[in-house]
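# Structural characterization, general
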Amino acid sequence: DNNGDNIVNELSMKGTEDKKSFSSDKNLLPEQVRKIIIDYKRQNPYTGFKRIEQHLRNSYFLIIPRKRIREVLKEAGIFYYAHGDYDDAQTYWQKSLSLARRNDYFELQQFLYNHLAGIAINHNNDYHQAEKFFLEGLSLQRKHKNLPAMSLHLMNLSMVAFSLGSYKQAYDYLQES
């Protein structure tokens, strides 16, 4: 891949200290590398972070930690959301959620449940889907005993229940929050 050769040449010209900071500072991750990660994930939707990491190492001689790969995929969803491309944002966030669940990344799951519920409500008008995401998020928060986040999920569930006409359930969620 000619594009990969350009990236390797570009990166090999940097000193050792630059390579260390390259892998630890997200602002230094070149756009070309981010594009490779996103394109590879788009072409291989069921591929995990480890496989993407191996692909970058084997095909492009790049060492990118899995944490950075997760961040790139999360940021891709934010980018699409900010530009009004809610379907692509939802797609990236659902793929990221699948990987985050498999690898037990609590903080990423928390972010994704809230944002996927937001898309379900605000752009798809699907309160049942939002309820599902908020319930999964609440379950995760209970598991980790994160009381402020539990309260937030309960308040969101109350709003969803109210919107669905389940007023008693809405009241119960609000009382529990």
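Further up the page is the structure itself.
Residues numbered from 1 in each chain as written. Predicted model: local features only at pLDDT ≥ 70, side-chain atom pairs only at ≥ 80, totals over all residues. Heavy atoms only, no water.

## Details of the overall build of the chain
Helix and strand counts for the chain stand at ten helices and zero strands. Moving toward the C terminus, one meets the helices and strands of the chain in the order α-α-α-α-α-α-α-α-α-α. Here the analysis covers contacts within the chain between residues at least 6 apart in sequence; of these, 49% occur between residues at least 24 apart. Looking at the chain as shown, the accessible area adds up to about 10200 Å², and 49% of this sits on carbon and sulfur atoms. (Helix = DSSP H or I, 4+ residues; strand = E, 2+ residues; numbered from the N terminus. Contact = heavy atoms within 4.5 Å. Areas by Shrake-Rupley, 256 points an atom, 1.4 Å probe, with all protein chains shown as cover.)

## Comments concerning a nonpolar patch on the surface
A surface patch of nonpolar side chains, amounting to about 260 Å² of accessible area, comprises Leu-152, Met-155 and Leu-174. Mapped onto the secondary structure, Leu-152 falls in helix 9 (residues 147–163). (Patch = residues over 30% accessible without salt bridge, like charges linked within 9 Å, V, L, I, M, F, W, Y side chains within 5 Å. Salt bridge = Lys/Arg side-chain N within 4 Å of Asp/Glu carboxyl O.)

## Here we look at the packing of helix 4 (residues 49–60) against helix 5 (residues 66–82)
To characterise two packed helices, one gives the angle between the axes of the helices and the distance between these axes. Packing of helix 4 against helix 5 brings their axes to within 9 Å, and their N-to-C directions diverge by 105 degrees. With respect to each other, helix 4 and helix 5 are oriented roughly perpendicular. Every residue of helix 5 that contacts helix 4 at Phe-49, Lys-50, Ile-52, Glu-53 and Leu-56 is listed here: Arg-66, Ile-69, Arg-70 and Leu-73. Broken down by class, the residue content of the contact of helix 4 with helix 5 amounts to five nonpolar, no polar and four charged. (Axes fitted to C-alpha atoms, helices over the stretch in contact; angles between N-to-C directions. Parallel < 35°, antiparallel > 145°, perpendicular 65-115°, else oblique. Nonpolar A, V, L, I, M, F, W, Y, C, P; charged D, E, K, R; others polar.)

## Comments concerning helix 8 (residues 127–143)
A rise of 1.5 Å per residue sets the reference length of helix 8, with its 17 residues, at 24 Å; its end C-alpha atoms lie 24 Å apart and thus fit the reference within 8%. Taken residue by residue, helix 8 has Ala-130, Phe-133, Phe-134, Gly-137, Leu-138, Leu-140 and Gln-141 as its buried positions. Buried residues of helix 8 fall within an arc of 160 degrees about the axis and therefore sit on the same side. Exposed residues on helix 8 whose side chains face more than 90 degrees from its buried face are His-128 and Lys-143. Tucked inside the fold, the buried residues of helix 8 contact helix 6 (86–103), helix 7 (106–122) and helix 9. (Expected span 1.5 Å × (residues − 1). Buried < 20%, exposed > 50% of the residue type's maximum accessible area, 1.4 Å probe, protein only. Arc of directions from axis to C-beta.)

## Thoughts on the nonpolar core
Grouped together as the largest cluster of nonpolar side chains are 45 residues, with contacts concentrated most on Ile-37, Leu-56, Ile-69 and Leu-73. Of all the elements in the fold, those that place two or more residues in this core are helix 3 (31–43), helix 4, helix 5, helix 6, helix 7, helix 8, helix 9 and helix 10 (167–176). For this core, the element with the most residues is helix 7, which contributes ten residues. The contact partners of Leu-73, leaving out residues within four places of it in the chain, are Ile-37, Ile-38, Lys-41, Phe-49, Ile-52, Tyr-92, Ser-96 and Leu-99. (Core = buried A, V, L, I, M, F, W, Y, C linked by side-chain atoms within 4.5 Å.)

## Observations concerning unusual backbone geometry
Of note, the phi angle at Asn-125 is positive, near 50 degrees, even though the residue is not glycine. One non-glycine residue, Lys-145, lies in the positive phi region at around 55 degrees. Structurally, Lys-145 can be placed in the loop between helix 8 and helix 9. On the basis of relative accessible area, Lys-145 is assigned to the exposed category, the value being 69%.

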